[in-house]
Amino acid sequence: MSTKTIDAGVLAKMFLAGAKNLEAKKEWINELNVFPVPDGDTGTNMTLTIMSAATEVSQLDKISMDSLAKAISSGSLRGARGNSGVILSQLLRGFTKGIAHYEKLDAQKFADAFEKGVETAYKAVMKPKEGTILTVAKGAATRALELAEEMDDLDAFFREIIDHAEYVLSQTPEMLPVLKEAGVVDSGGQGLLEVLKGAYDGFQGKEIDYSFEAPAGQKLTRISPQAEADIKFGYCTEFIIVLKEELSEHEVSKIKEYLMSIGDSLVVVADDEIVKIHVHTNDPGLAISKALTYGSLSRIKIDNMREEHQEKLIKDAEKLAAEQAREETVPEKEVGFISVSVGEGMCEIFKELGADYLIEGGQTMNPSTEDMLNAISRVPAKNIFIFPNNKNIILAANQARDLTEDKNIYVIPTKTIPQGITALINYVPDRSPEENAEAMAEEIKNVKTGQVTYAVRDTHIDDKEISQGDIMGIGDHKILSVGKEIEQVTLHMVEEMVDEDSEIISIYYGEEVSKEDAEELASRLEDKYPDFDVEVNQGGQPIYYYIVSVE
């Protein structure tokens with residue numbers, strides 16, 4: 001007997017099964033990364049993104065198509081990490097907009113929602129590239145529209161879509177030469193395929209563990225006995241408002257104003273579908289009653305912070321709120337700076353240059369959209385510049401910018417830490433934020449960056465044979481040098497980077513490199529390039545022995 005429609009309960013199981021399958025395959029997907037570097041990459045980013053949404057779904061009390069759509073959309077949007085994760089979140093966002101108003105879904109409704117997802121994702125990427133997750137998604141959506149006119153049996157419909165998605169994925173090396181040279185398919189496309197395959201398993205009713213926990217990686221903090229004694233408002237209150245209708249900026253401001261009148265340590269993060277609230281108050285009922293006038297509530301959490309034996313560990317939201325509360329006495333300024341950084345030395349450099357808030361992350365862990373939103377909420381400034389300092393973080397920063405209504409956010413598209421340093425150095429107080437953003441974006445084009453690390457597997461790329469354990473010098477666009485010795489590879493990498501317009505070489509040495517070795521490298525570069533200024537800085541970054549910039 002064929003199945004022609006499914007309800008929200010079945011779709012929720014399909015989504016959770018898709019998330020589980022992606023989680024199970026994440027390390028294998030990471031291995032498809034073209035560059036054989038020791039980074040958390042596509043599989044990790046996509047998994048953390050979808051796990052954020054899966055956690056929201058698994059905590060729904062009553063599942064309707066509307067509540068399911070909001071949980072998937074909001075969870076993935078805020079948990080999005082890396083380019084692949086942001087694109088996945090946009091695919092899910094568009095898809096859920098296409099299904100939210102139905103009680104049951106048939107083949108045509110699925111096909112229309114797939115198409116809406118692809119349309120949303122393509123709009124989110126400034127320069128869509130074929131041969132990626134977008135291509136696989138588009139192929140699946142196109143096939144779904146064709147099939148919806150021919151069949152109504154969902155089992156056959158889903159199988160055909162997955163088969164075609166697998167075929168499109170197999171063709172990605174023909175669309176992107178770098179994939180063909182490395183002998184792999186697109187990792188993001190593979191991740192999407194695993195979500196679809198897992199969802200099909202859920203549709204078929206296969207035995208799957210649907211339990212989910214919040215993605216790991218959140219820092220915890222402990223409230224000291226003295227802090228407990230000093231607490232002014234005793235109840236830490238958190239909840240999410242599922243909005244009846246989108247709120248205006250004025251209405252969001254009214255909510256904030258009311259909650260501040262009954263408490264402190266306030267965090268309000270709003271988009272067009274939900275409002276996430278965190279507040280310390282002596283009367284949680286007042287906060288809840290006010291919230292109910294705007295919609296239904298979910299994920300309500302109230303902790304009595306004065307209880308001697310209460311749970312001591314709390315989530316990032318409380319730490320965020322506590323820090324924000326301390327910052328409330330700081331008057332709002334015109335301009336603030338947020339930078340992604342890693343390594344003690346790198347962080348110190350950004351602090352010295354005036355960065356207000358640092359998000360620790362980068363290659364080994366891409367910050368999420370919510371990490372960006374939390375940082376924005378902590379910086380008391382009308383205009384905030386964000387330096388992602390990694391090409392895989394720019395989309396998440398842009399997504400946070402688009403979700404922020406009460407501040408002007410300028411994302412400077414810095415792809416490396418040296419570009420971020422240059423951008424911050426070139427900030428001129430007398431210019432307007434718009435003029436500074438334009439000037440910074442122009443200045444970073446003059447910065448070439450090379451990064452020295454080791455290969456985690458054998459591969460062939462950029463006309464170079466690379467063996468596991470080899471040292472690689474990676475430039476802005478390709479691998480510049482490969483060898484067995486760190487210093488020799490670095491010297492050759494710099495040789496490939498310099499040109500007749502170059503004047504400055506800046507060396508940032510990592511946590512596994514001694515100051516003496518870095519100074520010896522600098523000495524050799526000074527001998528080779530006597531007309532250049534050569535600077536040595538302690539970066540302290542993991543994974544990369546050296547990060548070198550040439551300007």
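Quick caveat, the model's predicted, so the values are computed rather than measured.

## Brief notes about the packing of aromatic side chains
1) Next: Enumeration according to the criterion identifies 14 aromatic pairs in this entry.
2) Next: Aromatic side chains Phe 337 and Phe 385 sit 5.7 Å apart centroid to centroid with 20° between the ring planes, which places their arrangement in the stacked category. Linking Phe 337 in strand 9 (residues 333–341) with Phe 385 in strand 11 (residues 381–387), this pair joins segments that are 48 residues apart in sequence. Phe 385 shares its class with Phe 337; the two are buried.
3) Next: Considering the side-chain rings of Phe 385 and Tyr 410, the 5.2 Å spacing of their centres and the 25° angle between planes classify their relative orientation as stacked. With Phe 385 in strand 11 and Tyr 410 in strand 12 (residues 408–411), the pair connects residues that are 25 residues apart, well separated along the chain.
4) Next: Given a relative accessible area of 0%, Phe 385 falls into the buried group.
5) Next: An aromatic cluster of three or more residues is present, and its members are Phe 95, Phe 110, Phe 114, Phe 157, Phe 158, Tyr 200 and Phe 203.

## Digging into a nonpolar patch on the surface
1) Next: Side chains of Tyr 235, Ile 300 and Ile 302 sit close together on the surface and give an oily, nonpolar patch of about 250 Å² of accessible area.
2) Next: On the basis of relative accessibility, which here comes to 38%, the residue Ile 302 falls in the partly exposed class.

## Overview of the pairing of strand 9
1) Next: Most of strand 9 is tucked away, with 7 of its 9 residues classed as buried.
2) Next: Relative to strand 11, strand 9 is paired through 6 bridges, and the arrangement is parallel. The partner of Ile 338 across the bridge, within strand 11, is Ile 386.
3) Next: Across 4 bridges, the pairing between strand 9 and strand 10 (residues 357–360) is parallel. If you follow Ile 338 over to strand 10, its bridge partner there is Tyr 357.

## So, the sheet that holds strand 18 (residues 504–509)
1) Next: Pairing within the open sheet is mixed, and its 6 strands lie in the order 17-16-13-20-18-19. Looking along the sheet, the strands with just one partner apiece sit at the ends: strand 17 (479–483) and strand 19 (533–538). Each neighbouring strand pair of the sheet contributes to a mean axis angle of 15°, computed without reference to strand direction.
2) Next: In this structure, strand 13 (residues 448–454) lies alongside strand 16 (residues 471–474), joined through 4 bridges in antiparallel fashion. By the bridge assignment for strand 16, Thr 453 is matched with Met 472.
3) Next: Running over the sheet, helix 14 (residues 344–352) touches strand 18, strand 19 and strand 20 (546–550) and is turned about 110° from strand 19.

## A word on the sheet that holds strand 12
1) Next: Across the sheet, which stays open at both edges, the 4 strands sit in the order 10-9-11-12 with parallel pairing between neighbours. The outermost strands of the open sheet, each flanked by one partner alone, are strand 10 and strand 12. On average, each strand axis in the sheet is inclined to that of its neighbour by 20°, with strand direction left out of account.
2) Next: Set on the sheet, helix 14 makes contact with strand 9 and strand 10; between it and strand 9 the angle comes to about 170°.

Criteria and thresholds
- Residues numbered from 1 in each chain as written.
- Predicted model: local features only at pLDDT ≥ 70, side-chain atom pairs only at ≥ 80, totals over all residues.
- Heavy atoms only, no water.
- Phe/Tyr/Trp six-rings, centres within 6.5 Å; stacked < 30°, edge-to-face > 60°.
- Helix = DSSP H or I, 4+ residues; strand = E, 2+ residues; numbered from the N terminus.
- Buried < 20%, exposed > 50% of the residue type's maximum accessible area, 1.4 Å probe, protein only.
- Patch = residues over 30% accessible without salt bridge, like charges linked within 9 Å, V, L, I, M, F, W, Y side chains within 5 Å.
- Areas by Shrake-Rupley, 256 points an atom, 1.4 Å probe, with all protein chains shown as cover.
- Salt bridge = Lys/Arg side-chain N within 4 Å of Asp/Glu carboxyl O.
- Pairing = 2+ DSSP bridges.
- Axes fitted to C-alpha atoms, helices over the stretch in contact; angles between N-to-C directions.
- Contact = heavy atoms within 4.5 Å.

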